[in-house]
Number of protein chains: 2
Amino acid sequence: MSYSMPELIRTKRDGGELTADELRWMIAEYTADRIPDYQLSAFLMAVMFRGMSGNELAAWTDAMLHSGDVLDLSATDMPKVDKHSTGGVGDKISIPLAPLVVACGVAVPMMSGRGLGHTGGTLDKLETIPGFRTRLDPDEFARQLDAIGLVLGGQSETLVPADRRIYALRDASGTVPSIPLISSSIMSKKLAEDLDGLVLDVKIGSGAFMKDIASGTELARTMVGIGASHDTPVVGLLTDMDQPLGREVGNANEMVESIATLRGEGPADVTELTMRLGEEMLILAGVATDATDARVRLEAAVSSGAGLDVFARVIEAQGGDPRVLDDRSLLPVAANRHVVVADRAGFVERCDALSVGRAAVRLGAGRQAKEDDIDPAVGITVHAKVGDTVESGTPLATVRYNTDDQLASCLGVLETAWDLTDEPQEPQPLILGEVR
Amino acid sequence: MSYSMPELIRTKRDGGELTADELRWMIAEYTADRIPDYQLSAFLMAVMFRGMSGNELAAWTDAMLHSGDVLDLSATDMPKVDKHSTGGVGDKISIPLAPLVVACGVAVPMMSGRGLGHTGGTLDKLETIPGFRTRLDPDEFARQLDAIGLVLGGQSETLVPADRRIYALRDASGTVPSIPLISSSIMSKKLAEDLDGLVLDVKIGSGAFMKDIASGTELARTMVGIGASHDTPVVGLLTDMDQPLGREVGNANEMVESIATLRGEGPADVTELTMRLGEEMLILAGVATDATDARVRLEAAVSSGAGLDVFARVIEAQGGDPRVLDDRSLLPVAANRHVVVADRAGFVERCDALSVGRAAVRLGAGRQAKEDDIDPAVGITVHAKVGDTVESGTPLATVRYNTDDQLASCLGVLETAWDLTDEPQEPQPLILGEVR
């Protein structure tokens with residue numbers, strides 16, 4: 001069946017609903033270079049204004065998913081569950097979470113991304129381990145998953161090529177912030193991992209893409225709906241990203257904090273979010289009956305060292321040096337240090353994730369553009385978070401930097417991150433809601 | 001000054017206003033192939049939803065206007081006024097109107113278009129005169145205007161190239177029906193004619209692009225506003241296009257009706273609209289003090305034969321055979337004839353312009369696509385219009401056709417054009433409003 005692309009654009013523009021066949025045709029023709037970019041970009045802009053129905057989204061995501069290879073991970077006997085975070089500042093949760101879940105008997109075929117703008121990326125953090133490779137071909141990916149139950153890799157080139165092309169077009173044509181387009185992009189990639197279940201960590205707040213609970217809830221509901229249309233159970237947690245997660249923001253320093261969390265020595269918020277997401281993953285996988293049961297299993301994986309052991313095996317399998325787990329001096333760290341202190345006594349009312357994230361980019365820890373390199377050794381340690389009490393002169397943050405210019409540029413933003421007040425402040429709640 | 005196109009797209013998408021410099025940059029860069037089609041089409045789709053402010057439209061139109069040559073018609077002493085119609089069925093008004101206005105001392109540098117879809121085009125009708133050329137180079141255009149005061153040509157390739165490119169992109173990307181984009185497209189071409197004034201005939205109804213008075217008024221107001229920002233007075237009349245204009249729909253048959261109108265023997269609606277538009281043109285040109293004065297001059301140009309004489313000189317100058325003015329057998333006419341009759345007695349409640357226009361296309365009188373050829377000899381003569389009384393068997397229309405297949409296809413639509421009722425019907429009003 002063949003359709004007229006201008007007619008499909010007009011239908012969407014005027015608020016009509018496209019059929020599954022029409023949307024499948026569009027993705028297939030675009031991927032085969034038979035629809036020009038200028039028609040798809042106009043269509044995507046119409047979607048920005050008109051949205052997509054549940055039926056449209058199911059067909060669109062399914063067509064993207066089938067635009068390339070779909071992983072066949074059937075050799076793995078364990079149930080396969082993954083986690084996706086919409087991205088934030090200091091969000092290193094994947095690194096402690098995945099090994100702990102695997103230690104509890106669940107396979108995690110995790111494909112992560114790189115940092116962009118003020119948000120960090122799991123691949124950049126993993127690559128601070130000397131020798132660690134994140135590019136694995138599909139066969140290696142499947143074999144390692146079968147052997148260890150865990151792969152921590154990048155997105156394969158052959159998976160969901162339509163998403164890569166459409167994302168580049170959206171980036172260049174002002175059509176990124178659309179809930180249906182974001183949801184279908186995420187879900188097509190995750191569903192291509194051949195999963196039995198998926199847990200979403202939808203970040204809300206200044207450092208997140210979604211600024212409020214309403215839009216975060218809509219995004220989570222949309223993705224849960226796409227999962228349902230694909231018979232894949234999806235659970236979404238809405239979690240705080242008004243302030244950075246944990247104490248460390250950067251790359252190697254976030255790896256140090258991740259390892260500490262695997263040892264049971266991580267900050268309270270990182271540990272709690274790891275546990276909450278892990279509970280949902282174990283329940284979806286069917287290896288725990290409820291949250292209490294799941295928490296017991298996850299805590300045992302920490303205290304027995306089983307999680308750390310899974311991570312050691314993954315590091316070794318992917319060419320890295322597992323001695324980093326015991327010797328943090330094997331991870332890069334910038335030589336220079338600068339401490340930002342409170343200029344008054346008071347209570348921390350705000351520790352702004354966006355400002356800290358931007359400050360880290362200026363330091364070289366993140367990217368402005370996809371092509372940029374990052375500096376794994378620089379980073380920011382956040383000492384005071386919402387609810388904390390400080391005196392005048394109390395350290396708010398320690399900056400590890402490599403050049404004076406980068407430090408000066410970083411401080412210009414970092415020093416605006418905190419608001420201090422005379423009124424005692426409640427700590428910021430971490431879990432803001434859930435969608436199932 | 002250089003700008004980021006994705007940023008300008010996002011600004012428009014989010015409801016912001018672009019500066020004149022930003023819009024001029026966009027048109028210049030696009031025309032120079034430094035902005036890809038996929039960015040402009042996304043921008044145009046955002047304009048579909050967000051519109052353009054008066055300041056944006058003035059800058060956008062001005063930038064389009066200056067994307068190529070602008071006519072220099074300063075050698076012509078007479079004031080220069082043109083008319084533009086938004087297009088309809090049986091709309092041959094330009095052909096009698098322009099010579100009459102010129103006979104009253106106004107120069108008319110008219111550039112017309114071809115028919116597309118159910119609407120006819122002046123160029124197609126002019127070319128039914130044996131030998132008549134509508135392609136004139138800019139020098140010839142200026143010389144003829146100076147000598148005769150009238151040119152009836154096509155749009156020059158070198159005028160407003162940005163509009164040609166943007167229109168093709170809009171056509172392919174579902175971004176045609178936007179009042180700011182339509183207005184700027186029309187006005188950039190008309191303002192490039194170096195005019196002292198412009199009269200718009202904004203068609204309203206089933207056979208027109210604008211289906212109701214509200215949207216027609218908005219279109220007219222928008223174009224009057226663009227004219228004001230360019231110091232060119234513009235007057236818009238809103239006129240009926242629920243039923244075809246005049247009796248003839250086609251090409252050569254419309255030329256016959258146009259010549260009859262120039263002789264004072266045209267149908268009442270064609271004659272009245274010609275006079276009303278002519279009045280506005282004479283007043284804008286400053287050669288008449290008011291509508292009554294203008295009407296006297298125009299009627300004199302009919303009765304003296306001065307209008308017909310101007311048309312004869314133009315036909316001769318553009319290579320055509322002026323004997324067509326006296327001998328209609330020199331115009332092509334299809335050999336076969338079919339009469340559609342009323343199947344009951346009653347009053348005509350509806351004579352649908354869109355159906356008659358579509359029927360004419362099926363006959364070969366119009367184009368589905370720009371590349372199509374038209375058959376100048378076929379056409380429809382409409383015998384019964386709204387308010388007329390018919391008996392069972394009274395002819396509603398006569399079809400002149402060349403093939404039986406085309407006739408059958410034509411009748412499938414044409415026979416649905418009329419509604420007859422037992423209640424007497426008022427004639428349809430011709431002039432629905434005006435905007436100045």
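Above: the structure in question.
Just so it is clear, the structure is predicted and the values come from calculations on it, not from any experiment.

1. Overview of the state of the cysteines
Residues and elements named next belong to chain A.
Then step 1. Enumeration over the complete set of coordinates arrives at 0 disulfides over all chains.
Then step 2. Looking at the unpaired Cys410, the closest cysteine sulfur is the one in Cys351, lying at 13 Å.
Then step 3. Exposure remark for Cys410: the relative accessible area of 0% places this residue in the buried category.

2. Focus on the pattern of salt bridges
Residues and elements named next belong to chain A.
Then step 1. Summed over the entire model, instances satisfying the criterion amount to 62 salt bridges over all chains.
Then step 2. Notably, a salt bridge pairs Arg13 with Asp14, separated by 2.9 Å at the nearest N-O pair.
Then step 3. A salt bridge links Lys92 to Glu254; its shortest N-O distance comes to 3.7 Å. Here the residue Lys92 occupies a position in the loop between β1 (81–85) and α5 (94–103), and Glu254 occupies one in helix α11 (residues 252–262), the gap between them amounting to 162 residues.
Then step 4. A single salt-bridge network, built from bridges that share partners, covers Glu272, Arg276, Glu279, Glu280, Arg295, Glu434 and Arg436.

3. Concerning the nonpolar core
Then step 1. Core analysis: the biggest nonpolar cluster contains 120 residues, and A:Phe43, A:Trp60, B:Phe43 and B:Trp60 have the highest contact counts within it.
Then step 2. Apart from residues no more than four positions distant in its own chain, B:Trp60 is found in contact with B:Leu23, B:Met26, B:Ile27, B:Leu40, B:Phe43, B:Leu44, B:Met52, B:Ile166, B:Leu181 and B:Ser184.

4. Some points on the sheet that holds strand β7 (residues 336–341) of chain A
Residue and element names in this part refer to chain A.
Then step 1. Strand order in the open sheet made by the 4 strands is β6-β9-β11-β7, with antiparallel pairing throughout. Both edges of this open sheet fall to β6 (248–250) and β7, since each of them pairs with a single strand only. Across the sheet, the mean angle separating the axes of adjacent strands is 15 degrees when strand polarity is ignored.
Then step 2. Its contacts with the sheet place helix α15 (residues 353–363) against β6, β9 (379–382) and β11 (395–401), and it is angled at close to 150 degrees to β9.
Then step 3. Of the strands in this sheet, β7, β9 and β11 are in contact with helix α16 (residues 404–414), which crosses β11 at around 150 degrees.

5. Some remarks on the sheet that holds strand β7 (residues 336–341) of chain B
Residue and element names in this part refer to chain B.
Then step 1. The 4 strands lie next to each other as β6-β9-β11-β7, forming an open sheet whose pairing is antiparallel. Two strands bound the open sheet, and with one partner strand each, they are β6 (248–250) and β7. The sheet shows a mean angle of 15 degrees between the axes of neighbouring strands, direction not considered.
Then step 2. As paired elements, β6 and strand β9 (residues 379–382) share 3 bridges and run antiparallel to each other. When the sheet's bridge partners are listed, Glu248 is paired in β9 with Thr381.
Then step 3. On the sheet, helix α15 (residues 353–363) packs against β6, β9 and β11 (395–401) and is oriented at approximately 150 degrees with respect to β9.
Then step 4. Running over the sheet, helix α16 (residues 404–414) touches β7, β9 and β11 and is turned about 150 degrees from β11.

6. Points about the relation of the copies chain B and chain A
Superposing the two chain copies requires a rotation about an axis and a translation along that axis.
Then step 1. Overlaying chain B on chain A yields an RMSD of 0.1 Å, the required transformation being a rotation through 179 degrees with an accompanying axial translation of 0.1 Å. Here the symmetry operator amounts to a two-fold rotation axis. Considering only C-alpha atoms, the residue of chain B closest to the rotation axis is B:Tyr38, which sits at 1.7 Å.
Then step 2. Both copies contact each other with a shared surface, as 100% of the interface residues of chain B are interface residues in chain A too.

Conventions used here
- The residue count restarts for each chain, going from 1 along the sequence in the order it is written.
- As a convention, the first chain written is A and the first ligand written is 1, with the rest following in written order.
- Where totals are concerned, whole chains, interfaces and linings use all residues; where local detail is concerned, this predicted model gives features only for residues with pLDDT of at least 70, and gives and counts side-chain atom pairs only at 80 or more.
- Processing note: side-chain calculations cover all non-hydrogen atoms of the structure and skip hydrogens and water entirely.
- The disulfide definition used here is simple: a pair of cysteine sulfur atoms within 2.5 Å.
- Exposure is judged per residue with a 1.4 Å probe applied to protein chains only, and the accessible area is read against the type maximum: over 50% gives exposed, under 20% gives buried, and values in between give partly exposed.
- Between Lys or Arg on one side and Asp or Glu on the other, a salt bridge is scored when a side-chain nitrogen of the former is within 4 Å of a carboxyl oxygen of the latter.
- Secondary structure elements are taken from DSSP: a helix is a run of H or I of four residues or more, a strand is a run of E of two residues or more, and numbering for both begins at the N terminus.
- Definition of nonpolar core: a set of buried residues of the types Ala, Val, Leu, Ile, Met, Phe, Trp, Tyr and Cys, connected through side-chain atoms within 4.5 Å.
- Whether two residues are in contact is decided by their heavy atoms, any of which lying within 4.5 Å being enough.
- Here, strands pair whenever DSSP counts at least two bridges between them.
- To get an axis, fit a line to the C-alpha atoms, keeping to the stretch in contact for a helix; angles then go from 0 to 180 degrees between the N-to-C directions.
- Least-squares superposition aligns the copies on the C-alpha atoms of those residues with pLDDT at or above 70 in both.

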